[in-house]
Amino acid sequence: MYLNCHSYYSLRYGTLPVEALVQQASAAGAQVLALTDINNVSGTFDFVKACRTAGITPVAGMEIRHGDTLLYTCLARNNRGFAEINAFVSHYHIAAQALPARAPVFDHVHVVYPLGTTHPLRDNEYIGVPLAALSRLATTTARQRQRMVLMQPVTLAQPTDMQVHRLLRAIDHNVVLSKLPPTATCHAGEVVHTPAALAARCAAYPELIANASQLAADCSFDFDYRVVKNRKTFTGNAYDDRLLLEKLAHEGMEYRYGLRNKEAQKRIAHELEVITRLGFLAYFLITWDVIRYSMSRGFYHVGRGSGANSIVAYCLRITDVDPIELDLYFERFINPARTSPPDFDIDYSWRDRDQVIDYVFKRYGSSHTALMATYSTFKGKSIIRELGKVYGLPKTEIDALVENPPPEERCDDIARNIFSLGKRIADYPNLRSIHAGGILVSEEPIFSYTALDMPPKGFATTQFDMYVAEEIGFEKLDILSQRGIGHIQDSVNIIQRNRGTRIDIHDVPRFKQDPQVAEQLRKGDTIGCFYVESPAMRGLLKKLRCDNYISLVAASSIIRPGVAKSGMMRAYIHRFHHPNDFEYLHPVMEALLKETYGVMVYQEDVIKVAHHFAGLDLSEADVLRRAMSGKFRGRAELDRIVKKFFDNCRDRGYSDTLAQEVWRQIESFSGYSFSKAHSASFAVESYQSLYLKAHYPLEFMVAVINNFGGFYSTWVYVNEARLAGAHIENPCVNHSEHLTTISGTTIWLGFIHIKDLESGAAAAIPHERERGGPYLSLDDFVTRTGITRDQLIILIRAGALRFTGHSKQALLWEAHMAVAK
């Protein structure tokens, strides 16, 4: 009978978290419950789990609306019906079309239209009647009521939540509360009623409840959360997948290690056995396929994260981190005790990333591929700003409330409401957006799990986030971007053009042994180099006198804010230079953390300490690791593990002081920690940048300038190039391109650096010059480019027409004569 429930995933409409909705329904005695959020199924899988816990039969559905107008509600009879709803809605979302006023013909879906619908009903279609509309049935016949069901919406926990609901609706409509139209809000009675109360209210029309119960009995939704949902095979069957992965791994081993490396052979054999047993063959091969495609296009990539713990990934060139060199632990990436699915993080240049994503969609099919969503929530100061606007406060008053919130006794009624209601909606989902780079490739059609949105990015996106994806059995592939990769890729291309030298940028072992690179690291001469160019990092490199890969890997992690603020970075520096001038907290810590002088530097250290020092099992230690890295959703499980940590410490005879200090160091990782493989990936990329800067500083700086993503302003990189021996020329219409270029040792700054110069003009100048040769005079330039007077004046003031030999004043006068407007 509860066939029309909204959670707070009905964004800026619903007021109930999924768990709270199910708890209320359970307390009221509900046996069947349908979640029908507006135009989305984001909360479905959380809802199903909560219903199972409460002993309620879950029904999956969706309320279809156009703006504030309710069109109809879809209720899935089964899992196939759920997929039908998702496919139907996705078609209109992807096409950017309004959802139709008439539902399509469904095979496994019931459709309930609002009271007042006049078109003929199909066999699976009904009219829904809420309690507030019962009086409108006085003129209906018994035959008409045969197709009517009780459709009492649930939107509020209690009638007083109407105030929160109205605020959310005003935020959604971007209006002050007084201008919010009544049609934009729900009815104040949209709360959970007991079955007895519903029966009493419908005493005159018992068929409404009977019909609703019959409809509900025909609906169910079952789901297996344990089965992996990713594409199961790459070649078509698991046996051939194993043969292919084994072949690729051994071919890659020859490239990385040669054919006689016993340790590599042993690790590969072990990893292949685990990968096969746990069902990750296709996942590795799909990732290899993406890398193969991107390398064939000349796209440079960096594989990072815990995937770099895998020697198979290293041999498949997914990563450039040698796990033997760093003694990386494969089980940090894949093991049965790990609480979350593994994933590969692959970084590309910001220019190439979308082409790689497009390949994945076309290679594996749009009906099996999707980006993942993420949710921005109402948080902190943004809540005060949003509520201040809907209460009609001027910006100055909102700023004052945000920056200097008054004590409660000094608040007026509006400010008091803003602060109290702000707490009510804190952490409610506000907007659905796109995850930074997560892609899912599913075995079953993606509609089996979600409807799709089409954000401006241009790739279909799920309606659930990474946490739900993990819970239901997906391993995502992260295709990310960063400017540092653009520096490296562009440098290699510029060096080949300017010097005729071809560089294998993946020859990292040679870079690690390069004395010039070591000297640059030791001096902190790293401006322009990814991850090691900030003042803090340059200072750390000099303090450590870092001149090798292992030290750089550690430095890449201890610079993180949590470790630095906790004082452990300072402790590491001291112990690095004075290895005999400190004491380990406990003998166990000495055995676990000898490589890092007793300092927890990596995520793996958290796992080791939690397991060996505090006696947590590996799955509990992994939950703790995820919480410390900021990738954790629930709180109850974490609280249980924290309690067990301290209980176990007491049971093992540790003093409270020791346990608290160890916990303080673990907690310093919160939100900031790196896995060792992740730090190693960044260190590899740093070495690649350092090598290019050491041997080809001019070309490297041109690449940095053209990627606009370093730590410093452009002029700093221009000055670095000048210090390295470059002759810097400001933009010139006879030499410059849109971006900065180099010829020999002369760097010509690009037109992109001229403020207010339009992109069309910047592109036309070199294009016409290439077609017709150098410009001979101002008149020749104006005639051939057709440039406007305003744009010409900008170029003259920037000195871009200095080839004429005339002063700027003379050129400006000539410009007014040569161009009418």
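Here is what the cut-offs are and how they apply
Residues numbered from 1 in each chain as written. Predicted model: local features only at pLDDT ≥ 70, side-chain atom pairs only at ≥ 80, totals over all residues. Heavy atoms only, no water. Helix = DSSP H or I, 4+ residues; strand = E, 2+ residues; numbered from the N terminus. Buried < 20%, exposed > 50% of the residue type's maximum accessible area, 1.4 Å probe, protein only. Contact = heavy atoms within 4.5 Å. Areas by Shrake-Rupley, 256 points an atom, 1.4 Å probe, with all protein chains shown as cover. Lys, Arg positive; Asp, Glu negative; His and termini not counted. Charge placed at Lys NZ, Arg CZ, Asp CG, Glu CD. Pairing = 2+ DSSP bridges. Axes fitted to C-alpha atoms, helices over the stretch in contact; angles between N-to-C directions. Salt bridge = Lys/Arg side-chain N within 4 Å of Asp/Glu carboxyl O. Phe/Tyr/Trp six-rings, centres within 6.5 Å; stacked < 30°, edge-to-face > 60°. Core = buried A, V, L, I, M, F, W, Y, C linked by side-chain atoms within 4.5 Å. Expected span 1.5 Å × (residues − 1). Arc of directions from axis to C-beta. Parallel < 35°, antiparallel > 145°, perpendicular 65-115°, else oblique. Nonpolar A, V, L, I, M, F, W, Y, C, P; charged D, E, K, R; others polar.

Attention now moves to the overall build of the protein chain. Broken down by element type, the protein chain carries 35 helices and 17 strands. Along the first, second and third principal axes, the C-alpha set of the protein chain runs to 95 × 85 × 65 Å. Counting only residues that meet the buried cut, the protein chain has 56% of its 821 residues in that class. In the protein chain, 70% of the contacts between residues at least 6 apart in sequence involve partners at least 24 apart. For the protein chain, the exposed surface amounts to about 34900 Å²; the carbon and sulfur share of it is 52%. The distance from the centre of the 91 positive side-chain charges to the centre of the 90 negative ones in the protein chain is 2 Å.

A word on the environment of Ile38. Relative to the elements of secondary structure, Ile38 occurs in the loop between strand S2 (32–35) and helix H2 (44–54). By relative accessible area, which is 17% here, Ile38 ends up buried. Not counting the four nearest positions on each side in its chain, Ile38 is found in contact with His6, Ser10, Tyr13, Glu63 and Arg65.

Backbone-to-backbone hydrogen bonds join strands into a sheet, with any given pair of strands oriented parallel or antiparallel. The 7 strands are arranged S1-S2-S3-S4-S5-S6-S7 in an open sheet whose pairing can be described as mixed. Of all the strands in the sheet, the pair left with one neighbour each is strand S1 (2–5) and strand S7 (148–150). Ignoring strand direction, the axes of neighbouring strands in this sheet form an average angle of 35°. Strand contacts of helix H3 (residues 79–94): strand S3 (57–66), strand S4 (69–76) and strand S5 (109–114), with the helix running at about 20° to S3, the strand carrying the most contacts.

Let us look at the pattern of salt bridges. Pairing between side chains of opposite charge can happen when the charged atoms of each approach one another. This structure, assessed with the given rule, holds 52 salt bridges. Of the charged contacts in the structure, one is a salt bridge between Asp358 and Lys362, with a shortest N-O distance of 2.7 Å. Taken as a pair, Asp358 and Lys362 lie in helix H12 (residues 353–364) at a separation of 4 residues, close to a single helical turn. For Asp358, a relative accessible area of 29% translates into the label partly exposed. Ionic pairing is found between Asp525 and Lys693, a salt bridge with its closest N-O pair at 3.2 Å. In this pair, Asp525 sits in the loop between helix H19 (515–523) and helix H20 (535–544) while Lys693 sits in helix H29 (residues 676–695), placing the two residues 168 residues apart along the sequence. Given a relative accessible area of 29%, Asp525 falls into the partly exposed group. Classification of Lys693 by relative accessible area gives buried; the value is 6%. The network of salt bridges with common partners includes Lys381, Arg385, Lys395, Asp399 and Glu403.

Pairing in this open sheet of 3 strands is mixed, and the strands run S15-S17-S16 from one edge to the other. The open sheet is flanked by strand S15 (727–729) and strand S16 (741–743), the only strands paired with a single partner. With direction set aside, neighbouring strand axes in the sheet form an average angle of 25°.

Applying the stated criterion across every chain yields a total of 40 aromatic pairs. Between the aromatic rings of Phe284 and Phe333, the centroid separation amounts to 6.1 Å while the plane-to-plane angle is 75°, which identifies the pairing as edge-to-face. Residue Phe284 is located in helix H10 (residues 281–296), and its partner Phe333 is located in the loop between helix H11 (311–315) and strand S9 (344–348); the two are separated by 49 residues in the primary sequence. Of the residues examined, Phe284 reaches a relative accessible area of 0% and is grouped as buried. Accessibility expressed as a relative area gives 0% for Phe333, which makes it buried.

Turning our eyes to something else, we now look at the nonpolar core. If you look at the biggest cluster of nonpolar residues, it comprises 155 residues, and the most contacted ones within it are Leu33, Phe45 and Phe284. The greatest single-element share of this core, amounting to 9 residues, is contributed by H10.

On to helix H15 (residues 413–425). Relative to the 18 Å expected for 13 residues at 1.5 Å per residue, H15 spans 18 Å between its end C-alpha atoms, a close match to the ideal helical length. Here H15 has its buried residues at Ala415, Ile418, Leu421, Gly422 and Ile425. Down the axis of H15, the buried set is contained in an arc of 145°. They therefore lie on one face. Opposite the buried face of H15, at more than 90 degrees from it, the exposed residues are Asp413 and Lys423.

Here the focus is the pairing of S4. Strand residues, when the strand is regular, have side chains that alternate between the two faces of the sheet. With 6 of its 8 residues buried, S4 lies for the most part within the structure. Where S3 lies against S4, 6 bridges are found, and the strand directions are antiparallel. By the bridge assignment for S4, His66 is matched with Thr69. Between S3 and S4, which pair antiparallel in sequence order, lie 2 residues; one of them, Gly67, sits at a positive phi of approximately 65°.

What follows deals with helix H28 (residues 656–667). With 12 residues, H28 should reach 16 Å at 1.5 Å per residue; the first-to-last C-alpha distance of 16 Å fits that figure. For H28, the complete set of buried residues consists of Leu658, Ala659, Val662, Trp663, Gln665 and Ile666. The arc that holds the buried residues of H28, viewed along the axis, is 160°, so those residues lie on one side. The outward face of H28, more than 90 degrees from its buried face, is lined by the exposed residues Asp656 and Thr657.

A word on the packing of helix H32 (residues 759–772) against helix H33 (residues 778–785). Where H32 contacts H33, the two axes come as close as 10 Å, and the packing angle between them is 105°. Looking at the two axes, H32 sits roughly perpendicular to H33. Contacts from Ile765, Glu768, Arg769 and Gly772 of H32 reach H33 at Phe781, Arg784 and Thr785. Classifying every residue of the contact of H32 with H33 gives 2 nonpolar, 2 polar and 3 charged.

For the rest of this paragraph, the subject is unusual backbone geometry. In the Ramachandran plot, Ala96 falls in the positive-phi region, its phi being about 55° despite a non-glycine side chain. Relative to the assigned elements, Ala96 resides in the loop between H3 and S5. Among the residues examined, Ala96 registers a relative accessible area of 72% and is labelled exposed. Despite not being glycine, Asp427 has its phi angle at roughly 75°, a positive value. Looking at the element boundaries, Asp427 is found in the loop between H15 and strand S11 (429–441). A residue is classified by how much of its surface remains accessible, and Asp427, at 45% relative accessible area, is partly exposed.

Right, let's talk about the environment of Leu540 for a bit. The topology assignment puts Leu540 in helix H20. Its relative accessible area of 2% is what places Leu540 among the buried residues. Through-space distance from the C-alpha of Leu540 to that of Ile558 is 9.3 Å; in sequence the pair is 18 residues apart. Dropping the residues within four chain positions of it, Leu540 is found in contact with Ala555, Ile558, Ile559, Met569 and Ile573.

From the geometry alone we can't say anything about function, so treat these as descriptive.
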